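Listed here are the chains, written in short residue letters.
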Amino acid sequence: MTISAQESLERLREGNRRFVSGVRTGDALASQARRSDLAGGQQPFAIVLGCSDSRVPAEMVFDQGLGDLFVIRVAGNIVAPSQVGSVEFAAERFGTRLVVVLGHTQCGAILATLEELGRPSEGRSPNLRSIVDRIRPSVEAVLAENPGHHPDDLMPQAVRANIRASAIHLRHGSEILERLTRESGLLVTGAEYSLETGIVEFFDGVPEAGRRSGAVARRGSPTGQG
Ligand SMILES: [Zn+2]
């Protein structure tokens, strides 16, 4: 049975509230019985494209267990062809209707991009550069809109701009996902996890009806990195 994007969103919000309040059920869901049930197949209710940062494990911050989330993690939650393909695979194969791009405050990949723009380094590996290059357009736009600001002060805007860019890429960079959005209610949303509060705020692409119970994340200090 496929559950709607809206219902999936509500589940994630409830799970995040449990995580924030310390009342977690994830361990129970990882029980042996659940594992046996899932050996025959999976039906994850949400697809999460998140950052690899060790402090932002999707299953934990949404308090979900085995079989609940189809998670793709890559530094800076960027979207390259393999990420699009992973989302297409899960959306088509499992009927999952909600896709969440999950970025986070003080993301180290965003910070690295800001640093790179300020002081280009020759020695960076081409592999790492391929990540920075995906983040660069969003960060450049934020820098252009805020002339005279110190890059560190622009981290919050840059993090969100990068999340929005990844969400837009998923919405418009795939015929399969466009079709599923048009015909089957697929929803791609952008969310930011606060390292400071543990709260996930869904701030991009959320339908009106879904905004009412949205948690409001407080901004943390712009220093530090992740
Ligand atoms: Zn990160």
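Trainee: Describe in detail helix H5 (residues 81–94), supporting the description with residues and values.
Mentor: Compared with an ideal rise of 1.5 Å per residue, which puts 14 residues at 20 Å, H5 spans 20 Å between its outermost C-alpha atoms and is within 8% of the ideal. Restricting attention to buried positions, one finds in H5 the residues Gln-83, Val-84, Val-87, Glu-88, Ala-90, Ala-91 and Phe-94. Residues of H5 that are buried in the fold lie against strand S1 (46–50), strand S2 (69–73), strand S3 (98–104), helix H8 (155–172) and helix H9 (175–184). Gly-95 sits one or two positions beyond H5 and adopts a positive phi of about 70 degrees.

Trainee: Can you lay out the packing of aromatic side chains for me, pointing to particular residues and giving the numbers?
Mentor: Tallied over the entire structure, the rule returns 5 aromatic pairs. Between Phe-70 and Phe-89 the ring centres are 6.2 Å apart and the planes differ by 45 degrees, which places this aromatic pair in the tilted class. Here Phe-70, found in strand S2, pairs with Phe-89, found in helix H5; they are 19 residues apart in sequence, far enough to count as distant. Given a relative accessible area of 37%, Phe-89 falls into the partly exposed group. Aromatic side chains Phe-70 and Phe-94 sit 6.0 Å apart centroid to centroid with 50 degrees between the ring planes, which places their arrangement in the tilted category. Pair noted here: Phe-70 is in strand S2 and Phe-94 is in helix H5, with a separation of 24 residues, a long-range link. Residue class for Phe-70 comes out buried when judged on its relative accessible area of 17%. Ring pairing ties together the aromatic residues Phe-70, Phe-89 and Phe-94, which thus form one cluster.

Trainee: Describe the sheet that holds strand S4 (residues 187–193), with residues and values.
Mentor: The strand order S2-S1-S3-S4-S5 describes an open sheet built from 5 strands, whose pairing is mixed. Looking at which strands have only one partner, the edges of the open sheet turn out to be S2 and strand S5 (200–204). Mean inter-strand twist for the sheet, computed between neighbouring axes without regard to direction, equals 30 degrees. As defined by bridge partners, S3 adjoins S4 across 7 bridges and the pair is classed as parallel. Bridged to Val-100 within S4 is Thr-189.

Trainee: Summarise the environment of Ser-184; cite the residues concerned and give the values.
Mentor: Positionally, Ser-184 belongs in helix H9. Since its relative accessible area comes to 32%, Ser-184 is described here as partly exposed. C-alpha of Ser-184 to C-alpha of Gly-95: the two residues are 89 residues apart in sequence and 9.0 Å apart in space. With residues up to four places along the chain from it excluded, the contact list for Ser-184 reads Arg-97 and Arg-179.

Trainee: So, the confidence of the model for the protein: which residues are in play, and what are the values?
Mentor: Confidence in the prediction for the protein averages 89 pLDDT; 89% of positions are at 70 or higher. In this model residues 213–226 is a low-confidence stretch, pLDDT under 50, and it forms 33 contacts with partners more than four residues away in sequence or in other chains.

Trainee: An account of the coordination of the zinc ion is requested, with residue identities and associated values reported.
Mentor: For the zinc ion, every protein donor is listed as Cys-51 (SG), His-104 (NE2) and Cys-107 (SG), and the spread of their distances is 2.0 to 2.3 Å. Along the chain, the residues donating to the zinc ion are arranged with the sequence spacing C-x52-H-x2-C. Here Cys-107 lies in the loop between S3 and helix H6 (108–118) and Cys-51 lies in the loop between S1 and helix H4 (58–61), a separation of 56 residues in the sequence. According to the relative accessible area criterion, Cys-51 is buried, its value standing at 4%.

Trainee: Outline unusual backbone geometry, supporting the account with residue identities and numerical values.
Mentor: Phi angles above zero are rare outside glycine, and Asp-63 is one such case at about 50 degrees. One can find Asp-63 in the loop between H4 and S2. On the basis of relative accessible area, Asp-63 is assigned to the buried category, the value being 1%. We note that Gln-106 has phi near 55 degrees; this positive angle belongs to a residue other than glycine. Using a relative accessible area of 14% as the deciding quantity, one classes Gln-106 as buried.

Trainee: Describe the nonpolar core, and please don't skip the residues or the numbers.
Mentor: Residues Ile-47, Ile-110 and Leu-170 are the most contacted members of the largest nonpolar core, which totals 34 residues. Contributing elements (two or more residues each) for this core: S1, S2, H5, S3, H6, helix H7 (126–145), H8 and H9. In terms of residue count, H8 provides more of this core than any other element does, 6 residues in total. In this view, Leu-170 contacts Leu-49, Val-79, Val-84, Val-87, Val-99, Val-101, Leu-177 and Val-188; residues no more than four positions away in its chain are not counted.

Definitions and cut-offs
- Residues numbered from 1 in each chain as written.
- Predicted model: local features only at pLDDT ≥ 70, side-chain atom pairs only at ≥ 80, totals over all residues.
- Heavy atoms only, no water.
- Helix = DSSP H or I, 4+ residues; strand = E, 2+ residues; numbered from the N terminus.
- Expected span 1.5 Å × (residues − 1).
- Buried < 20%, exposed > 50% of the residue type's maximum accessible area, 1.4 Å probe, protein only.
- Contact = heavy atoms within 4.5 Å.
- Phe/Tyr/Trp six-rings, centres within 6.5 Å; stacked < 30°, edge-to-face > 60°.
- Pairing = 2+ DSSP bridges.
- Axes fitted to C-alpha atoms, helices over the stretch in contact; angles between N-to-C directions.
- pLDDT = per-residue confidence, 0-100.
- Donors = N, O, S within 2.8 Å, 3.2 Å for Na, K, Ca; no water.
- Core = buried A, V, L, I, M, F, W, Y, C linked by side-chain atoms within 4.5 Å.

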